[in-house]
Amino acid sequence: MEQYTLIGHPLGHSMSPFIHERLFAMSGKKADYTLTDIAPEHLIGKEPFLRGFNGFNITIPHKMAIIPMIDSMDESAKRYNSVNCVNNKDGKLIGYNTDCDGFTMSVKDYPMDGKVLLIGCGGVGRMIATEALRSGADLTIGIIPQDKALVETFLNEIQSAMPDAKVRYAITADIHDAFDVIINASPVGMYPKTDACPVPDELIDKASYFFDVIYNPTKTLFLRKALAQGKTAKGGAAMLVLQAVRAHEIWYNGSFTHEQIDSIITEMEKQIDDQNGSK
């Protein structure tokens, strides 16, 4: 039986086994998917162990530390110098970044070449900013004042790599423009502080498409406000499931219907809602 795992630390309660087990079952593939908690100081020396898997996923804090241990990187991993999926192909470990695929697949029906407001410039925020600009977005990054140095460093890197990129930043509280798409890549609204919203109502009123990387709660206050107006809004569960789908495509050419993918997203969201209801 083929063996796959997720490495990270601390792993705690991860949704990954649930998602991957469903995907293997839908493919009719007999495979085990486990969690492997590896502290940062113990990663070195684990290469022979990891080569025993058919493939594996990587989460915090190993997405960059794993790079010296693999044989080559796909363009997606080189773009971000970050690996979250490895395929063992004929004994060679090939690294990929499927986080970016999870995002782009989640918003494939959004006008990402229009005016986009992105809240947050952490790791996932910078990835989303890059993908938005690759799609031709006119991008504004909303930040809190203490992230000014971080976003300026990122903008220098982006403008060096993509000289024609239309991008700027502003303090979120000072933004009053109208946008086609608003994306939250900040932790504002995450469980248990679910009564917080990353943008004021005036921005939500003017936009038409919304995406939140947060998946717990499944519907943040930000998304609920948009949905209450009948607008298009998606949460992070879709991104999490779709990056896993991409891993299965890489590992063994797995193929899934929209209905299968949607059923996993729905089931995952129900699990999260049930867990929160019991707390």
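Our structure is the block above this text.
Here the structure is a predicted model, which is why all the values come from computation and not from measurement. (Residues numbered from 1 in each chain as written. Predicted model: local features only at pLDDT ≥ 70, side-chain atom pairs only at ≥ 80, totals over all residues. Heavy atoms only, no water.)

### Points about the pattern of salt bridges
In this structure the tally under the stated criterion is 17 salt bridges. Between Lys108 and Asp109 there is a salt bridge; the shortest N-O distance is 3.7 Å. As far as burial versus exposure is concerned, Lys108 and Asp109 are alike and both exposed. Here Glu202 ties to Lys206 by a salt bridge, and the two come within 3.6 Å at their closest N and O atoms. (Salt bridge = Lys/Arg side-chain N within 4 Å of Asp/Glu carboxyl O. Buried < 20%, exposed > 50% of the residue type's maximum accessible area, 1.4 Å probe, protein only.)

### Some points on the packing of aromatic side chains
For any pair of aromatic rings, the description consists of the separation of the ring centres together with the inter-plane angle of the planes. The final tally for this structure, using the stated rule, is 8 aromatic pairs. Consider the rings of Phe24 and Tyr252, whose centres lie 5.9 Å apart with planes at 20°: the pair is stacked. One end of the pair, Phe24, is in helix α1 (residues 16-27); the other, Tyr252, is in helix α9 (residues 236-252), with 228 residues separating them in the sequence. As far as the burial class goes, Phe24 and Tyr252 line up, both buried. Taken together, a centroid distance of 5.1 Å and an interplanar angle of 50° make the contact between Tyr110 and Tyr209 tilted. Here the residue Tyr110 occupies a position in the loop between α4 (99-106) and β7 (115-119), and Tyr209 occupies one in strand β11 (residues 209-212), the gap between them amounting to 99 residues. Residue classification places Tyr209 among the partly exposed positions, given a relative accessible area of 25%. Following the ring pairs from residue to residue traces out a cluster consisting of Tyr4, Phe24, Trp251 and Tyr252. Sitting over the ring of Tyr252, Lys29 keeps its end group 4.8 Å from the ring centre. One Lys or Arg, Lys115, reaches over the ring of Phe179 and ends 5.2 Å from the middle of that ring. (Phe/Tyr/Trp six-rings, centres within 6.5 Å; stacked < 30°, edge-to-face > 60°. Helix = DSSP H or I, 4+ residues; strand = E, 2+ residues; numbered from the N terminus. Lys NZ or Arg CZ within 6 Å of the ring centre and 35° of its normal.)

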